[in-house]
Amino acid sequence: MNATTTLVPQADPGASYRAQKAEIDAAIQRVLESGWYILGKEDVAFEQEFAAWLGAGTQPQHAVGCANGTDALVLALRGLRVGPGATVVTVSHTAVATVAAIEMAGATPLLLDIDPDTYCMDPDELISVLESPPPGLPPIKAVIPVHLYGQACDLTRMLAACDEAGVALIEDVSQAHGATLGGRKLGTFGKIACFSLYPTKNLGALGDAGIVSTTDATLAADIGAIRQYGWRERYISDLVGVNSRLDEIQAAILRVKLTVLDANIARRRQIAAAYDAALVESDLVPPARVDGVEHAFHQYVLRSPRRDELQARLRAMGVATSIHYPLPVHRQGAYAGRIALGPAGCQETEAAAREVFSLPLYPEMTDSQVAQVCAALKSL
Ligand SMILES: Cc1ncc(COP(=O)(O)O)c(C=O)c1O
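Here's what I pulled together on the structure shown here. For every chain, the first residue of the written sequence is number 1, and numbering continues from 1 onward in sequence order. Thresholds applied to this predicted model are a pLDDT of at least 70 for local features of residues and 80 or more for the giving and counting of side-chain atom pairs; totals over whole chains, interfaces and linings are not thresholded and use all residues. Only heavy atoms go into the side-chain values, all of them from the structure, while hydrogens and water stay out.

## Describing the packing of helix α4 (residues 69–79) against helix α8 (residues 217–226)
It is at 9 Å that the axes of α4 and α8 come closest, and there the two elements cross at 120 degrees. As summarised for this structure, α4 and α8 are arranged oblique, according to the angle between their axes. Between α4 and α8 the crossing geometry is right-handed. When α4 is examined against α8, the residues L75, A76, R78 and G79 are found in contact with a partner set consisting of L219, I223 and I226. Structural elements are reduced to axes, namely lines fitted to C-alpha atoms, with helices fitted over the stretch in contact, and the angle between N-to-C directions of any two is expressed from 0 to 180 degrees. Each helix is a run of DSSP H or I of at least 4 residues and each strand a run of E of at least 2, with the numbering of both proceeding from the N terminus. Relative orientations are named as follows: roughly parallel for angles under 35 degrees, roughly antiparallel for angles over 145 degrees, roughly perpendicular for angles from 65 to 115 degrees, and oblique for any other angle. Crossing handedness: left-handed means the near helix sits turned counterclockwise from the far one by under a right angle, and right-handed means the same turn made clockwise. Contact between two residues is taken to exist if any of their heavy atoms lie within 4.5 Å; hydrogens are not considered.

The structure is reproduced here in structure tokens:
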């Protein structure tokens, strides 16, 4: 990179604060002065506003704010009474949190391979393990497909297979806020949907936060109790719970950011379209577009066996990239050798981990930053 080139970061959560600084500062001030800092009016309002955003045009949703996306998954499993003595199916090509949450709930993870076009759970392998579960594991009670990078899993086939097997489908929508399938938002298909609201996500707090959503009011009430010591009534634990409350400052900030979420997703799609156009003559293949799916472009992911070289060349042209994810969960020290894999043995997962890299993508990128990335892509 020469001295005059400025680096385009791969993500820039500070830019999202600067873009709405006045409203966010006012929201924080409002909470500071209210004297109520955890699970209060801001949390209730955010849950209602998020549920309305998610459920618009479909069934009403009940949303429960919590401390982070990992806890959202744990709360979903605990709400469904899925824990010790149950197997939960997910993928190895995901944030480690998805797998960690299954173990935090006391259940046994079973990791399937991905479809190499979408990077999401291979629906054929799911159908096969639901029909003939691997021996030696507890019964399968839930499936957590991850809508990775903003892409949608093949929910139509997965839901049919889960319904037939009597297994709950929990959507991990942490990377796909605003993506749609058949015009309907992801997070409205499964029994429960879990969202991380980590600062870099499509809807991100300025700290940790998460939210769980379901159309089942009883389940939502249970999850709401479990997130605070199992209380339905103050100081009386009706259920065995945890502490995973959402704080009022984050809820107030998220309310501000929710107002620009749709516009931000539109901007993400616009940047992705610019990258697609820049790659027209390249041997690098843009992310798959699936019929009926509107990708939410949390990440714009390319793959190449020459990844290291391409990342270095991009960096020299002022373009930062990241790798999501460099090592499959089942190869990481904490999990290697002790986690069950599906019959496909996660071969596509391992190949993807060796080749994928993510371009800069956040809504506040300026047109000139987008142009800088496009010019660099064209010269690869
Ligand atoms: C797919 C996925 N699931 C779960 C999580 C966990 O979210 P958090 O970091 O908010 O606990 C993340 C965030 O990294 C994620 O990307």
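Now that the structure has been shown, we can carry on.
## Brief notes about the site of the ligand
Near, as used in this document, describes a residue that has one of its heavy atoms within 4 Å of the molecule or strand being considered. Close contacts around the ligand come from 14 residues, with G69, T70, D172, Q175 and S196 the closest. Between the ligand and G69 there is a distance of 2.8 Å, counted from an oxygen atom to a backbone nitrogen or oxygen. Bound to the protein, the ligand loses 88% of the 390 Å² it would expose on its own. Considering only residue class, the shell around the ligand consists of four nonpolar, eight polar and two charged. Here a polar contact means two N or O atoms within 3.5 Å. Within protein one must be a hydrogen donor candidate and the other an acceptor candidate, and residues neighboring in sequence count only if both atoms are side-chain atoms. Computed by Shrake-Rupley with a 1.4 Å probe, the accessible areas treat only the displayed protein chains as cover when residues are assessed. Note on residue categories: nonpolar means Ala, Val, Leu, Ile, Met, Phe, Trp, Tyr, Cys or Pro, charged means Asp, Glu, Lys or Arg, and polar means any other residue, Gly included.

## Digging into the nonpolar core
What is meant by a nonpolar core is a set of buried Ala, Val, Leu, Ile, Met, Phe, Trp, Tyr and Cys residues, joined one to another through side-chain atoms within 4.5 Å. Here's how the labels work: a residue is buried when its accessible area is under 20% of the maximum for its type, exposed when over 50%, partly exposed in between, all with a 1.4 Å probe on protein chains only. Grouped together as the largest cluster of nonpolar side chains are 56 residues, with contacts concentrated most on F46, F50, L126 and L186. When neighbours within four sequence positions are excluded, L126 is seen to be in contact with V89, L112, M121, V143 and M158. Core analysis: the next-biggest nonpolar cluster, separate from the first, contains 27 residues, C66, A76, L77 and A105 among them.

## Quick word on the pattern of salt bridges
Where charged atoms from two side chains of opposite charge approach closely, those side chains can pair. By definition here, a salt bridge exists when the distance from a side-chain nitrogen of Lys or Arg to a carboxyl oxygen of Asp or Glu is within 4 Å. Applying the stated criterion to the full structure yields 21 salt bridges. Salt-bridge contacts for R18 lead to D12; the nearest nitrogen and oxygen are separated by 3.3 Å. Residue classification places R18 among the exposed residues on the basis of a relative accessible area of 54%. We note a salt bridge from D216 to K191, for which the minimum N-O separation is 3.1 Å. Of this pair, D216 sits in the loop between β9 (210–214) and α8 while K191 is found in the loop between β7 (184–185) and β8 (192–196), placing the two residues 25 residues apart along the sequence. Its relative accessible area of 24% is what places D216 among the partly exposed residues.

## Brief notes about empty space enclosed by the protein
Lining residues are defined by having an atom within 4 Å of a point belonging to a cavity or pocket. Those points lie on a 1 Å grid over the protein atoms alone, cavities being sets where a 1.4 Å probe fits but cannot get out and pockets being open sets with protein on both sides within 12 Å along at least five of seven lines. Grid points are joined across faces, edges and corners, and a volume is the space filled by probe spheres set on the points. Counted according to the given criterion, the structure contains one cavity of 30 Å³ or more. Reported here for the largest cavity is a volume of approximately 60 Å³. Across the lining of the largest cavity, the residue classes tally to five nonpolar, four polar and one charged.

## Regarding the sheet that holds strand β6 (residues 180–181)
If you walk across this open sheet you meet the three strands as β7-β6-β12, and the pairing is antiparallel. Both outer strands of the open sheet, β7 and β12 (293–294), are each paired with one neighbouring strand and no more. What makes two strands pair is DSSP finding at least two bridges between them.

## Brief notes about helix α9 (residues 248–258)
Buried residues dominate α9, accounting for nine of its 11 residues. Of the positions making up α9, those classed as buried are E248, Q250, A251, A252, I253, L254, V256, K257 and L258. Packing partners of the buried residues in α9 comprise α1 (13–19), α2 (21–34), α3 (41–55) and α10 (261–278). If you check the start of α9, you find a side-chain oxygen 3.0 Å away from the backbone N of I249, and it comes from D247.

## Here's the deal with the layout of surface pockets
As a volume, the largest pocket reaches approximately 380 Å³. Lining the largest pocket we find 28 residues, and of these P199, T200, K201, R268 and P363 sit closest to its centre. Among the secondary structure elements, those contributing two or more residues to the lining of the largest pocket are α1 and α10. Taken together, the residues that form the lining of the largest pocket break down as 12 nonpolar, 11 polar and five charged.

## Quick word on the sheet that holds β8
Here we have eight strands laid out as an open sheet, ordered β1-β9-β8-β5-β4-β2-β3-β14, and mixed in their pairing. With partners counted over all chains shown, the strands left at the sheet margins are β1 (62–66) and β14 (340–341), one partner each. Pairing of strand β3 (residues 108–112) with β14 involves two bridges; the strand directions are parallel. Within the sheet, the bridge partner assigned to L110 lies in β14 and is A340.

## Focus: the side chain of R268
Position of R268 among the secondary structure elements: in helix α10. Positive: Lys, Arg. Negative: Asp, Glu. His and the chain ends are not part of the count. Notably, R268 is buried but unbridged: the nearest opposite-charge side chain belongs to E364, and the N-O separation is 6.4 Å. Leave out the neighbours within four places in its chain, and R268 touches T200, K201, N202, A296, F297, H298, L361, Y362 and P363.

Purely spatial values, then, with no claim about function.
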